[in-house]
Amino acid sequence: MSTNTSTPDLDAVVVGAGFSGLYMLRKLRDELGMKTQVYEAGDGVGGTWYWNRYPGARCDSESYIYCFSFDDDLLQEWNWSGKYPEQPEILRYLNHVADRFDLRSGIQFNTRVTAAHFNEADNLWEVETDQGDQVTARYLITAIGCISTGQIPKIPGLDSFAGDWYHTGAWPHAGVEFAGKRVAVIGTGSSGVQSIPVIARESEHLTVFQRTPQYTIPARHETVNEEFLKEVKANYDEIMQKTKHSVAGMPYEASEVSALEVSAEERLETYERLWQKGGFNFLFGSYGDISIDRRANDTAAEFIRSKIREIVQDPETAEKLLPRDHPFASKRALIDTNYFETYNRDNVDLVDIRHFPIEEITPTGLRTADGAEYEFDIIVFATGYDAMTGTFFKMDIRGRDGLELKEKWSEGPKTYLGLATVDFPNMFMITGPGSPSVLSNMPVSIEQHVEWIADFVEYQRERGIDVVDVEQQAEDDWVQHVNEIADQTMYMLADSWYLGANIPGKPRVFMPYAGGVNVYRDRCDQIAADGYEGFVMSETSEPVLAD
Ligand code: N01
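Residues numbered from 1 in each chain as written. Predicted model: local features only at pLDDT ≥ 70, side-chain atom pairs only at ≥ 80, totals over all residues. Heavy atoms only, no water.

### Here's the deal with the nonpolar core
- Tyr93, Phe282, Phe328 and Phe428 are the most contacted members of the largest nonpolar core, which has 134 residues in total.
- With nine residues, helix α15 (residues 442-462) is the single largest residue contributor to this core.
- Not counting chain neighbours up to four residues away, the residues in contact with Phe428 comprise Tyr139, Leu140, Ile141, Thr142, Leu419, Ala420, Ile453, Phe456, Val457, Gln460, Val468 and Phe535.
- By size, the runner-up hydrophobic cluster in this structure holds 22 residues, among which are Ala116, Phe118, Trp125 and Trp409. (Core = buried A, V, L, I, M, F, W, Y, C linked by side-chain atoms within 4.5 Å. Buried < 20%, exposed > 50% of the residue type's maximum accessible area, 1.4 Å probe, protein only. Helix = DSSP H or I, 4+ residues; strand = E, 2+ residues; numbered from the N terminus. Contact = heavy atoms within 4.5 Å.)

### Regarding the domain arrangement of the protein
- Partitioning the protein into structural domains gives domain 1 (10-149 + 387-539) and domain 2 (152-214 + 331-384).
- Between the C-alpha centres of domain 1 and domain 2 the distance comes to 31 Å.
- Each partner contributes to the interface: domain 1 provides 17 residues, whereas domain 2 provides 16 residues.
- In total, about 1,600 Å² of surface goes out of reach between domain 1 and domain 2, with carbon and sulfur atoms giving 53% of it.
- It is Tyr54, Pro55 and Asp60 that lose the most area in domain 1 upon contact with domain 2, and together they represent 39% of the buried surface on that side.
- The closest approach of N and O atoms between Arg332 and Asp60, which form a salt bridge, is 3.2 Å.
- The tally of links between domain 1 and domain 2 comes to six residue pairs in polar contact (both at pLDDT 80 or more). (Domains from an automatic or database assignment. Buried area = accessible area lost by both parts, 1.4 Å probe. Salt bridge = Lys/Arg side-chain N within 4 Å of Asp/Glu carboxyl O. Polar contact = N/O pair within 3.5 Å; in protein donor to acceptor, adjacent residues only side chain to side chain.)

### Quick word on the sheet that holds strand β16 (residues 378-381)
- Here we have five strands laid out as an open sheet, ordered β7-β16-β8-β9-β12, and parallel in their pairing. The sheet is open, and its two borders are formed by β7 (164-167) and β12 (348-352), each paired with just one other strand. Adjacent strand axes in the sheet meet at a mean angle of 15 degrees, parallel and antiparallel pairs treated alike.
- Relative to strand β9 (residues 205-210), helix α5 (residues 190-202) is tilted by about 155 degrees, and along the sheet it contacts β8 (182-186), β9, β12 and β16. (Pairing = 2+ DSSP bridges. Axes fitted to C-alpha atoms, helices over the stretch in contact; angles between N-to-C directions.)

### Considering unusual backbone geometry
- Although it is not a glycine, Ser437 adopts a positive phi angle of roughly 25 degrees.
- Locating Ser437 in the fold gives a position in the loop between β18 (427-429) and α15.
- Using a relative accessible area of 0% as the deciding quantity, one classes Ser437 as buried.

### Notes on the layout of surface pockets
- Roughly 410 Å³ of volume is contained in the second largest pocket.
- Lining the second largest pocket are 19 residues, with Glu62, Tyr64, Phe228, Tyr252 and Lys277 sitting closest to its centre.
- At the level of secondary structure, the elements contributing two or more residues to the lining of the second largest pocket comprise α7 (236-244) and α8 (264-277).
- Here the element with the most residues in the lining of the second largest pocket is α8; it accounts for three residues.
- When the residues that make up the lining of the second largest pocket are grouped by side-chain class, the tally is seven nonpolar, five polar and seven charged. (1 Å grid on protein atoms, 1.4 Å probe; cavity = no way out; pocket = protein on both sides within 12 Å on 5 of 7 lines; lining within 4 Å. Points joined across faces, edges and corners; volume = space filled by probe spheres on them. Nonpolar A, V, L, I, M, F, W, Y, C, P; charged D, E, K, R; others polar.)

### Quick look at empty space enclosed by the protein
- Summed over all chains, the structure comprises three cavities of 30 Å³ or more.
- Among the elements of the structure, α3 (72-77) and α6 (226-234) are those that each provide at least two residues to the lining of the largest cavity.
- Looking at the lining of the largest cavity, its residues break down into ten nonpolar, no polar and one charged.
- Of the volumes computed, that of the second largest cavity is approximately 50 Å³.
- Taken together, Gln214, Tyr215, His326, Pro327, Phe328, Ala329, Ser330, Lys331, Arg332, Ala333 and Leu334 form the lining of the second largest cavity.
- For the lining of the second largest cavity, a count of residues per class yields six nonpolar, three polar and two charged.

### Overview of helix α1 (residues 19-31)
- A rise of 1.5 Å per residue sets the reference length of α1, with its 13 residues, at 18 Å; its end C-alpha atoms lie 17 Å apart and thus fit the reference within 8%.
- The element α1 is largely enclosed, with a buried count of eleven among its 13 residues.
- All of the buried residues along α1 are Phe19, Ser20, Gly21, Leu22, Tyr23, Met24, Leu25, Arg26, Lys27, Leu28 and Arg29.
- Taken from the residues just after α1, Gly33 is the one with a positive phi, measuring 70 degrees. (Expected span 1.5 Å × (residues − 1).)

### Some remarks on the site of the ligand
- Near the ligand there are 24 residues, and of these Thr188, Ser191, Arg211, Thr212 and Lys331 occur at the shortest range.
- Within the complex, 88% of the 920 Å² of free accessible area of the ligand lies under protein.
- A total of three residues in the shell around the ligand trace back to one element, the largest contributor, which is α5.
- Residue classes in the shell around the ligand are distributed as nine nonpolar, ten polar and five charged.
- Of the domains in this structure, domain 1 (10-149 + 387-539) and domain 2 (152-214 + 331-384) are the two that each give at least three residues to the shell around the ligand. (Near = heavy atom within 4 Å. Areas by Shrake-Rupley, 256 points an atom, 1.4 Å probe, with all protein chains shown as cover.)

### What about the pattern of salt bridges?
- Counting across every chain of the model gives 30 salt bridges.
- Notably, a salt bridge pairs Arg294 with Asp298, separated by 3.4 Å at the nearest N-O pair. You can see Arg294 and its partner Asp298 sitting in helix α10 (residues 294-311), four residues apart, about one turn around the helix.
- Since its relative accessible area comes to 37%, Arg294 is described here as partly exposed.

### A word on the packing of aromatic side chains
- Within this structure, the stated rule accounts for 52 aromatic pairs.
- Relative to Phe303, the ring of Trp275 lies with its centre 5.9 Å away and its plane at 75 degrees, an arrangement referred to as edge-to-face. Of the two residues, Trp275 is situated in helix α8 and Phe303 in helix α10; the sequence distance between them amounts to 28 residues. Each member of the pair, Trp275 together with Phe303, is buried.
- An aromatic cluster is present here, built from Phe19, Tyr23, Trp49, Tyr66, Phe68, Phe70, Trp78, Trp80, Tyr93 and Phe101 joined pairwise through their rings.
- Here the guanidinium or amino end of Arg53 rests over the ring plane of Tyr50, the centre of that ring lying 4.9 Å away.
- Positioned above the aromatic ring of Tyr459, the side-chain terminus of Arg463 is 3.7 Å from the ring centre. (Phe/Tyr/Trp six-rings, centres within 6.5 Å; stacked < 30°, edge-to-face > 60°. Lys NZ or Arg CZ within 6 Å of the ring centre and 35° of its normal.)

So, in structure tokens, the structure goes:
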């Protein structure tokens, strides 16, 4: 099939300059020689790690695997200081990457993409920004992160609050002075669990408002072990291969033993050993059926509850902290540093708001539905994100016939592989909904997507293909597959942001792909090897010859 095309201003627009946007720029501009423009809302690179500067912000993938693997020298020259990298260090790393590969010259900062419309007359994307840019591009590539649109609950009265308030995902660059202050933290997800112990240490008094108690495993954070790092560097190839072909993008040995086929004593010994070791080993390295069998899951859940009772000295507080209404790891699995221990401090209170939610923010603090009033100088919203789709919907993205992405996804996101969606030609999503993304160590999934997209774009250019779209059947089959896999997991048994359950009115649809990074990668590779099965392609222009 032949189509009309005209020459665009750019070959590609990339939205966002976090891990994804940086690597996409390098691939398209420096390896494929394409005219590429990245637009970034912040005044620096880093994405998530640019915005999330709350106290205690740290990644819970281990530092040696939370990085790019595409450049051997980069892997060898960068030295992480801690077992789990802290936000300032990850941001330094991403700035280093930007400088090392001269990426800043391809990024326009302080610029938010507001609209992207596909013009079918010339098969180009027309992109607009809040700085008045209007450009046309052959490709639109979203590198917008999965968890980048913060959610502040619509509680009446916030405007009247006389103190200061912050969302963890939009933290002031200058930091927040907590000394001598009475502070509220609302929310006990990853951001709450990380920030609560630090804010407790810094503030005069901290009150935590908890709607759902959490399972969390000690991270056992420590400074990086030099011997270990040496060994990692000597074996990076092998380690990175292992991450790429693992379930979650982490090189841990996954257990295939069932929690139900060993004795209670052996199980306890395993859980205790992995609890002491810390981190996600507890989840991946203990028993293979924890994520798929409720009875197996219950054994891990009960172990964690026993630990909470052991750590938290006040039995009433311990009781409030016990997670009972959802299986372990059915919400995002958490690791922590002194989270439960923090509730033993004299300056920390826990308020259970499951039955008596926050009814109003008042000028001096807040009031819960049972009439209790609390006074604060600072309120911290650790209340999460309109994840996976929220940032897409902040832009006016329209495909064929003016179809709005928001309208197309009104019943939940529909994609092929989480990479593309029918009727939005030449648009690719890095870690879009329907891909492993948030269920994995993100840089591993990001690199896989960036490389797959770049290979596909190169394939098109070599053949003079100007327009690619997804076949409806391919998308329908993928959406069904994503749902079928999710239905076999514990994820369906919790009200989580994976399911959009944290946003009032959002369709309850499981958004990431739970089949595993390894299985997913094989599928994507096979599709590419089969000539990009599931895509419809139209040729118009002269092939671009490879160097
Ligand atoms: O957000 P969350 P997050 N009234 O949605 C509560 C990644 N991340 O920013 O559970 C009262 O997990 C809500 O309660 P409930 C990671 O993927 C990674 O913490 O819905 N409470 C919950 O307790 C993570 O999963 C890292 O009942 C309200 C909390 O707020 C994702 O980002 C660090 C409420 C929100 O938890 C999001 O994490 C940080 C309301 N109206 C984040 N609305 C690391 O790598 C919500 N809540 C370590």
